[in-house]
Amino acid sequence: MAMLDEIAKLKEEANAEIGQMNSAEAIENFRLKYLSRRGLLAQLFEKIKEVPKEEKPAVGKSLNELRAFVESEFESAKKKIENHDSQTRAMIDLTVPGRKRYVGRKHPITQTLDEIKKIFSGIGFGIADGPDIEDDYHNFEALNFPPDHPARDMQDTFFVEAGGGKLAPERSDRGYVLRTHTSGVQIRVMEQNKPPVRVIMPGRCYRNEAISARAYCMFHQVEGLYVDKNVTFGELKGTISYFAKELFGTNVKTRFRPSFFPFTEPSAEVDVNCFICGGTGCRVCKHSGWLEILGCGMVDPNLYKFVGYDEREVSGYAFGMGIERLAMLRYGIDDIRLFFDNDLRFLNQF
Ligand code: DAH
């Protein structure tokens, strides 16, 4: 009866493994183990020769039953997993468009600022910055705007209540403002460095403007300052003309118009010829053929007294430009508010 025992044992073993056929790999292993040509069932069939004649019918019957049982379990496990596969395949719709990865980019103001930094870095300017909440002294007084002087009317100012210990205490006597321009950083740089100094100073500025297509309560400027021995207005003109060509293209022409700023003497405003209409007159240049890009001048010697420079020893130039304005000209944008709406339909264009 040894053979019948072996058959019973194998049936038990196979039975225990049926529940584990839950992957294509497990099913194939099951098949190899029991049903393949050298599998355990084939080995038992091989042994039938050795069984005594009178036992053969019983052994053969039992072995055939076992094979039928194993085969049908194998087939049904195979079916089950094939059905499952085709169901999941039906659930994945390969024609659905893929999910788009959104690639971010720099804001057009940052792009313009980066370009300006690159141009001035290339000709030896370093970069400095100062606080957005500035004291009255650095924003106005040391730039030659005396208290109550009408020149202050040019910049509608947000005044800030001094409070807490976070603001620079040294010049708090006249209070604080949200800086109306970056020019105050000129004073900070000169206070902290002996001449020569050659830096640009980018930063955010604030004015109490009625918000419109052309004015916003917050904007960006880049200030420039070069102080050394024997710096001339000719160098200022050369530097600004070079800058304009780098930013707007080599064909651009610059024009210096006399102007006034309390902290420069003489002062000028700089225009480039309108690259939109080529100078013949259009809406953007208001039919003048010229576009204003910045203010500049020779540093007023009075400023050197505030920072402890010897006004007989040094001379220098300064300039300041609005980044929004430059970006609007570069890209043909007609409303400054678009920069701050954060509307992707606008931002995606740059
Ligand atoms: N601070 C001036 C403004 O906001 C711009 C300016 C003009 C800056 C002339 C300068 C300069 O450095 O020399 O209107």
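Refer to the structure printed above.
This write-up is about the structure you can find in this document.

Here is what the cut-offs are and how they apply
- Residues numbered from 1 in each chain as written.
- Predicted model: local features only at pLDDT ≥ 70, side-chain atom pairs only at ≥ 80, totals over all residues.
- Heavy atoms only, no water.
- Patch = residues over 30% accessible without salt bridge, like charges linked within 9 Å, V, L, I, M, F, W, Y side chains within 5 Å.
- Areas by Shrake-Rupley, 256 points an atom, 1.4 Å probe, with all protein chains shown as cover.
- Salt bridge = Lys/Arg side-chain N within 4 Å of Asp/Glu carboxyl O.
- Helix = DSSP H or I, 4+ residues; strand = E, 2+ residues; numbered from the N terminus.
- Buried < 20%, exposed > 50% of the residue type's maximum accessible area, 1.4 Å probe, protein only.
- Near = heavy atom within 4 Å.
- Polar contact = N/O pair within 3.5 Å; in protein donor to acceptor, adjacent residues only side chain to side chain.
- Nonpolar A, V, L, I, M, F, W, Y, C, P; charged D, E, K, R; others polar.
- Core = buried A, V, L, I, M, F, W, Y, C linked by side-chain atoms within 4.5 Å.
- Contact = heavy atoms within 4.5 Å.
- Phe/Tyr/Trp six-rings, centres within 6.5 Å; stacked < 30°, edge-to-face > 60°.
- Pairing = 2+ DSSP bridges.

### Re a nonpolar patch on the surface
A cluster of nonpolar residues, Met91, Ile92 and Leu94, forms a patch on the protein surface that exposes about 420 Å² of accessible area. Note on placement: isoleucine 92 falls in the loop between helix 4 (56-91) and helix 5 (108-121). Looking at isoleucine 92, the relative accessible area reads 55%, which means it is exposed.

### Points about the site of the ligand
If you check the shell around the ligand, you find 16 residues, and the closest are His181, Ser183, Arg207, Gln221 and Glu223. Residue histidine 181 places a side-chain N or O atom 2.9 Å away from a nitrogen atom belonging to the ligand. Within the side chain of glutamate 223, an N or O atom sits 2.5 Å from an oxygen atom of the ligand. Taken by itself the ligand offers 360 Å² of open surface, and the protein chains cover 91% of this. Listed by contribution, the elements that provide at least two residues to the shell around the ligand are strand 6 (218-228), strand 9 (290-299) and strand 10 (315-322). Taken together, the residues of the shell around the ligand sort by class into 5 nonpolar, 9 polar and 2 charged.

### Section: the nonpolar core
Core analysis: the biggest nonpolar cluster contains 44 residues, and Phe243, Ile293, Leu294, Phe319 and Met321 have the highest contact counts within it. Where this core is concerned, the elements lending two or more residues are helix 5, strand 6, helix 8 (233-248), strand 8 (264-273), strand 9, strand 10, helix 10 (323-331) and helix 12 (344-347). With residues near it in sequence (within four places) discarded, leucine 294 still touches Ile240, Phe243, Ala268, Glu269, Val270, Phe319, Gly320 and Met321. Of all hydrophobic cores here, the second largest spans 26 residues; its members include Phe140, Phe145, Val177 and Val185.

### A closer look at the packing of aromatic side chains
This structure, assessed with the given rule, holds 19 aromatic pairs. The interplanar angle of 75° and the centroid separation of 5.2 Å between the aromatic rings of phenylalanine 120 and phenylalanine 125 together place this pair among those described as edge-to-face. Residue classification places phenylalanine 125 among the buried positions, given a relative accessible area of 6%. Among the aromatic residues, those joined into a cluster by ring pairs are Phe120, Phe125, Tyr226, Phe243, Tyr317 and Phe319.

### Structural notes on the pairing of strand 6
Walk down a regular strand and you will see the side chains alternate between the two sheet faces. Counting buried residues in strand 6 gives 10 out of 11 residues, a clear majority hidden from the surface. The pairing of strand 5 (residues 197-206) with strand 6 spans 10 bridges and is antiparallel. For arginine 198, the partnering residue across the bridge sits in strand 6 and is tyrosine 226. Pairing of strand 6 with strand 10, which is carried by 8 bridges, proceeds in the antiparallel orientation. Bridging from a neighbouring strand, aspartate 228 pairs with serine 315 of strand 10.

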